[in-house]
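# Examination of the molecular architecture
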Amino acid sequence: MTILDDAAIRLLKAGVESPRSEARLLLAHAMGVNQEDIISGTAAPDGAALARFHAALARRSAREPFAYIVGRREFFSRNFAVGAGALIPRPESEMLVEEAVRRFPQRDERLRVLDLGTGTGCLLLAFLAERPEAEGLGIDVSEAALAWARRNAERLGLAGRARFVRGDWSESLAARFDVVFVNPPYVKTGDIVTLAPEVAAHEPARALDGGQDGLDAYRRIAPTLSELLTARGCAFVEIGEGQAEAVSSIFEKSNVLIDGTVTDLARIYRCLVMVAAEQHSRAKQKKQL
């Protein structure tokens, strides 16, 4: 039995979904090679690499997230550094960036961007990478998360256009922005224990816990969102499965209108696009003229 066979069995017993694949990727990470080198057998681990591999295997067997162990996660075709203290970027969050890019199609347009609950900075930085004349501000209550965001800005060469500050949502913000990303915690408090161990036991609870009904953060953000948007501004708000109607209702009571929705491949609503009510009113009047 090979090293990978042993590792795959250990991960399988720990409940990891793709044990063979992850064992191979962990070995490649420990050796500093591509997994193709492992598959082809062109690379063999030395003693130091084996020690790193067994240490990583122990962490993964304890259901620590794979991304935390290897220290990165791909998001919008870019590698983001990630680790303890920051929520791991999710594929569904890419839809917010995709929709923002679609709504603001000019690459050289000067845009002001705000990212509320920035975490690793993935939303803000992915958008800035697509729009080289844009500048942005990321806000998060967690200093640990902000440290990862700043590190990612440096790694991606975007530190000159991205600033990250500690704050509680939009408190004390007087500026207005063309693009506002909002990715709040939206898991019901009682549902957190039912999540995969990687999430429930390792990712920051503050970035997950949306209160008893999962909507607490939306209620806090809604009253000031319209004041953050420029005349042409759009907010891109991530939501959990089944939350579209409730979240829409919260924001529409706060001078914001839903201007579009984005679904994933399973037709689940993942993003609400919002504009200030006065923006919608002006556009309607202009159209009538």
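Here's what I pulled together on the structure shown here. (Residues numbered from 1 in each chain as written. Predicted model: local features only at pLDDT ≥ 70, side-chain atom pairs only at ≥ 80, totals over all residues. Heavy atoms only, no water.)

### A few points about the environment of Gln-35
Checked against the element boundaries, Gln-35 lands in helix α3 (residues 35-40). For the pair Gln-35 and Ser-21, spaced 14 residues apart in sequence, the C-alpha separation works out to 9.3 Å. Among residues more than four places away in sequence, those in contact with Gln-35 are Arg-24, Leu-25 and Ala-28. There is a polar contact of 3.1 Å between the side chain of Gln-35 and the side chain of Arg-24. (Helix = DSSP H or I, 4+ residues; strand = E, 2+ residues; numbered from the N terminus. Contact = heavy atoms within 4.5 Å. Polar contact = N/O pair within 3.5 Å; in protein donor to acceptor, adjacent residues only side chain to side chain.)

### Details of the packing of aromatic side chains
Counted according to the given criterion, the structure contains four aromatic pairs. Aromatic pair Phe-181 and Phe-236: ring centres 5.9 Å apart, planes at 40°, arrangement tilted. Pair noted here: Phe-181 is in strand β6 (residues 177-182) and Phe-236 is in strand β7 (residues 229-238), with a separation of 55 residues, a long-range link. The same class applies to Phe-181 and to Phe-236, which are both buried. A network of ring pairs unites the aromatic residues Phe-127, Phe-181 and Phe-236 as a single cluster. The cationic tip of Arg-112 hangs over the ring face of Phe-177; the distance from NZ or CZ to the ring centre is 5.3 Å. One residue, Arg-151, lies across the ring of Trp-148, its end atom 4.2 Å from the ring centre. (Phe/Tyr/Trp six-rings, centres within 6.5 Å; stacked < 30°, edge-to-face > 60°. Buried < 20%, exposed > 50% of the residue type's maximum accessible area, 1.4 Å probe, protein only. Lys NZ or Arg CZ within 6 Å of the ring centre and 35° of its normal.)

### A closer look at the pattern of salt bridges
A full pass over the atoms with the stated rule returns 18 salt bridges. One salt bridge in this structure joins Glu-64 and Arg-59, with 2.6 Å as the shortest N-O distance. Given a relative accessible area of 15%, Glu-64 falls into the buried group. The closest approach of N and O atoms between Asp-213 and Arg-219, which form a salt bridge, is 2.4 Å. Given the relative accessible area of 28%, Asp-213 is considered partly exposed. By relative accessible area, which is 39% here, Arg-219 ends up partly exposed. (Salt bridge = Lys/Arg side-chain N within 4 Å of Asp/Glu carboxyl O.)

### Some remarks on the side chain of Arg-63
Tracing the backbone shows Arg-63 in the loop between α4 (47-61) and α5 (66-70). Of the residues examined, Arg-63 reaches a relative accessible area of 15% and is grouped as buried. For Arg-63, the contacting residues outside a window of four places in its chain are Ala-14, Gly-15, Val-16, Pro-197, Glu-198 and His-202.

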